[in-house]
Amino acid sequence: MDPRIKTTVVGSYPIPEWLAAFPTEQALVDATMVVFKTQESAGIDVVADGELYRFDVNHPDTNGMIDYFVRPLESVRTGFGLTDLKRFREDAGMAFRAKPAGVVEGPIGEGRLNLVDDYRRARALTPKGIHYVDCGTSGGVWGATRGYCMMIGGEKAVVDRLDPIFAALAPGLGEIPRTPKRESRDPRAESGYIHAGPAGAGHFVKMVHNGIEYGLMQAYAEGFDILKGKSSQELPEDERFDINLPDVAEVWRRGSVISSWLLDLTAIALAKSPQLREFTGNVSDSGEGRWTVEAAIEEAVPANVLSAALYARFRSRLEHSFGEKILSAMRNEFGGHVEPKA
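Summary of the structure given here. Within every chain, residues take consecutive numbers counted from 1 along the sequence as written. Local features in this predicted model are restricted to residues whose pLDDT is 70 or higher, and side-chain atom pairs enter the listing and the counts only when it is 80 or higher, whereas totals over whole chains, interfaces and linings include all residues. With hydrogens and water stripped out, all remaining heavy atoms of the structure feed into the side-chain values.

**Concerning the overall build of the protein**
Spelled out, the test is: Numbering of helices and strands starts at the N terminus; helices are DSSP runs of H or I of at least 4 residues and strands are runs of E of at least 2. Classification of residues uses two cut-offs on accessible area relative to the type maximum, computed with a 1.4 Å probe and protein chains only: under 20% is buried, over 50% is exposed, and between them is partly exposed. Here, two residues are considered to be in contact whenever any of their heavy atoms come within 4.5 Å of each other. All accessible-area figures derive from a Shrake-Rupley calculation using a 1.4 Å probe, and residue coverage is judged against the displayed protein chains alone.
Helix and strand content of the protein: 15 helices and 7 strands. Expressed as a percentage of the 342 residues in the protein, the buried residues total 38%. For the protein, the share of sequence-separated contacts (at least 6 apart) that also reach a separation of at least 24 residues comes to 68%. Within the structure as shown, the protein displays about 19,700 Å² of accessible surface, and the carbon and sulfur contribution to it stands at 58%.

**Side note on the packing of aromatic side chains**
Put simply, the test is: Within 6.5 Å between ring centres, the rings of Phe, Tyr and Trp (the latter by its six-membered ring) count as paired, and their orientation is classed by plane angle as stacked under 30 degrees, edge-to-face over 60, tilted in between. By definition here, charges over rings are those cases where NZ of Lys or CZ of Arg is within 6 Å of the ring centre and within 35 degrees of the ring normal.
Inspection of the entire model under this criterion finds 4 aromatic pairs. Seen from their ring centres, tyrosine 311 and phenylalanine 314 are 6.1 Å apart, and the 45° between their planes marks the pair as tilted. Here tyrosine 311 and its partner phenylalanine 314 are both found in helix H14 (residues 304-316), 3 residues apart, which amounts to about one turn of the helix. The ring of tyrosine 214 has arginine 313 lying over it, and the distance from NZ or CZ to the ring centre is 3.7 Å.

**Let's talk about the sheet that holds strand S6 (residues 149-153)**
Where we set the bar: In short, DSSP must find at least two bridges between two strands for them to pair. In this analysis an axis means a line fitted to C-alpha atoms, helices contributing only their contacting stretch, and an angle means the value between N-to-C directions, from 0 to 180 degrees.
Spatial strand order, S5-S6-S7: 3 strands in an open sheet with mixed pairing. What marks the edges here is a single partner per strand, and that holds for strand S5 (134-138) and strand S7 (193-197). Taken pair by pair, the neighbouring strands of this sheet meet at an average axis angle of 20°, ignoring direction. For S5 and S6, the ladder comprises 5 bridges, and the chain directions are antiparallel. Of the residues in S6, the one forming a bridge with cysteine 135 is isoleucine 152.

**Overview of the state of the cysteines**
Stated precisely, the cut-off is as follows: Throughout, a disulfide means two cysteine sulfur atoms within 2.5 Å of one another.
Taken as a whole and assessed by the stated rule, the structure comprises 0 disulfides. Left unpaired, cysteine 149 is separated from the closest cysteine sulfur, that of cysteine 135, by 9.0 Å. On the accessibility criterion, cysteine 149 (33% relative accessible area) is partly exposed.

**Some points on the packing of helix H10 (residues 201-229) against helix H11 (residues 245-252)**
Worth spelling out the cut-off: Should an angle lie under 35 degrees it is considered roughly parallel, over 145 roughly antiparallel, and from 65 to 115 roughly perpendicular; all remaining angles are considered oblique. A crossing counts as left-handed when the near helix is turned anticlockwise from the far one by less than a right angle, and as right-handed when that turn is clockwise. For this scheme, ten residues count as nonpolar: Ala, Val, Leu, Ile, Met, Phe, Trp, Tyr, Cys and Pro. Four count as charged, namely Asp, Glu, Lys and Arg, and the remainder, Gly too, count as polar.
Put simply, H10 and H11 touch, their axes get as near as 11 Å, and they point 140° apart. Between H10 and H11, the angle is such that the two are oblique. The hand of the H10/H11 crossing is right-handed. Facing Phe224, Leu227 and Lys228 of H10, the residues of H11 in contact are Leu245, Val248, Ala249 and Trp252. For the contact of H10 with H11, a count of residues per class yields 6 nonpolar, no polar and 1 charged.

**Comments concerning the pattern of salt bridges**
Basically, it comes down to this: Here a salt bridge means any side-chain nitrogen of Lys or Arg lying within 4 Å of a carboxyl oxygen belonging to Asp or Glu.
Tallied over the entire structure, the rule returns 10 salt bridges. Taking the shortest distance from any N to any O, the salt bridge between glutamate 190 and arginine 178 comes out at 2.6 Å. Pair noted here: glutamate 190 is in helix H9 (residues 188-191) and arginine 178 is in the loop between helix H8 (163-169) and H9, with a separation of 12 residues, a long-range link. In this structure, the salt-bridge partner of arginine 253 is glutamate 250, at a minimum N-O distance of 2.9 Å. Salt bridges linked by common partners bring Lys156, Asp160, Asp186 and Arg188 together as one network.

**A word on H14**
For clarity, the cut-off: By definition here, a helix of n residues has an expected span of 1.5 Å times n minus one.
Compared with an ideal rise of 1.5 Å per residue, which puts 13 residues at 18 Å, H14 spans 18 Å between its outermost C-alpha atoms and is within 8% of the ideal. At its buried positions, H14 is contacted by H10, helix H13 (288-299) and helix H15 (322-335).

**Quick word on the nonpolar core**
Most often, soluble globular proteins keep nonpolar side chains buried together rather than apart. What counts is decided by this rule: We define a nonpolar core as any set of buried Ala, Val, Leu, Ile, Met, Phe, Trp, Tyr and Cys residues linked to one another through side-chain atoms lying within 4.5 Å.
Formed by 23 residues in total, the largest nonpolar core has its most connected members in Phe224, Leu270, Leu276, Ile326 and Met330. Here phenylalanine 224 is in contact with Leu245, Val248, Ala249, Trp252, Leu263, Thr266, Leu270, Phe322 and Ile326, once residues within four sequence places are set aside.

**With respect to the environment of phenylalanine 314**
Residue phenylalanine 314 is classed as partly exposed on the basis of its relative accessible area, which comes to 28%. The spatial distance from the C-alpha of phenylalanine 314 to the C-alpha of aspartate 285 is 8.2 Å, given a sequence separation of 29 residues.

**Considering H11**
Spelled out, the test is: Think of it as the arc spanned by the lines of direction from the helix axis to the C-beta atoms. N or O atoms within 3.5 Å of each other form a polar contact, as long as, within protein, one can give a hydrogen and the other can take it, and as long as residues adjacent in sequence are counted only when both atoms are side-chain atoms.
Listed as buried for H11 are Leu245, Pro246, Val248 and Ala249. Down the axis of H11, the sector holding all buried residues measures 165°, keeping them to one side. The inward-facing, buried residues of H11 contact H10, helix H12 (261-272) and H15. The distance from a side-chain oxygen at the start of H11 to the backbone nitrogen of aspartate 247 is 3.0 Å, and the residue carrying that oxygen is asparagine 244.

Structure follows, in structure tokens:
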């Protein structure tokens, strides 16, 4: 009988006292290797790092997971004063921490976790026996009911073993017409998920997906801005049109070559609020657009539209047009993204 334990380790390990006392990157690597060797000595066949890779040397009072996720979030202040500390320490439920990870100041927006760097770090820390799988996910808040589009990276055997999980989360064939001449290709793509390649490939495909999303959204935003501008008082009176934007959005959904889910969401937003007065037009970027442009530079690939769309988001934080309100409205519809405070 094989004496080795056929299992893996889940959950988080307590942080070693010596790591908490002297929190450095090298100490973190050493602690991780101790965890690996301890498991190997116990006969565990698939070892794990106990989530030590999330340990933040700047916040040694916890295992770093809270800080890792909180720090990049919008509307969460990570700098705080004595009043914040006093309120925090009066909360008995927070006794496990010496200080708060952050203070929520408004609706929490999406984070800016650098998934590419996370992958590189995890790969550098993992010895033989660890199988890393990454999964870029699209679908926003609607994914809970529609299913999630997933782009997966990892070893083929490992991804195949996890297939039932991905199949359960994917949207499936649905009512979308099947693409001709795909009979000999991987059927998973038609169900809403793909094995994009080795570890890291899933996040890379999702990164470019978001760069394209920026460009598509910017095109719609500029188009609706031009339509709205046709009623400008700056134009000669006989050249002005008062165009019904909700109706335009709706008719473009029906048989038009520019129909899309983003246009569907735009139509929803304009039907609810034709002037979008509840939006300022301050449009955030969650990082993937920047990384896509960086990748284009590294590969010497011209990315005129994607770059311009990213820069338009930067400009939106200085002055706001109706087109930027369209962008904010679309982000709110598909992802529940809330504009940051001015």
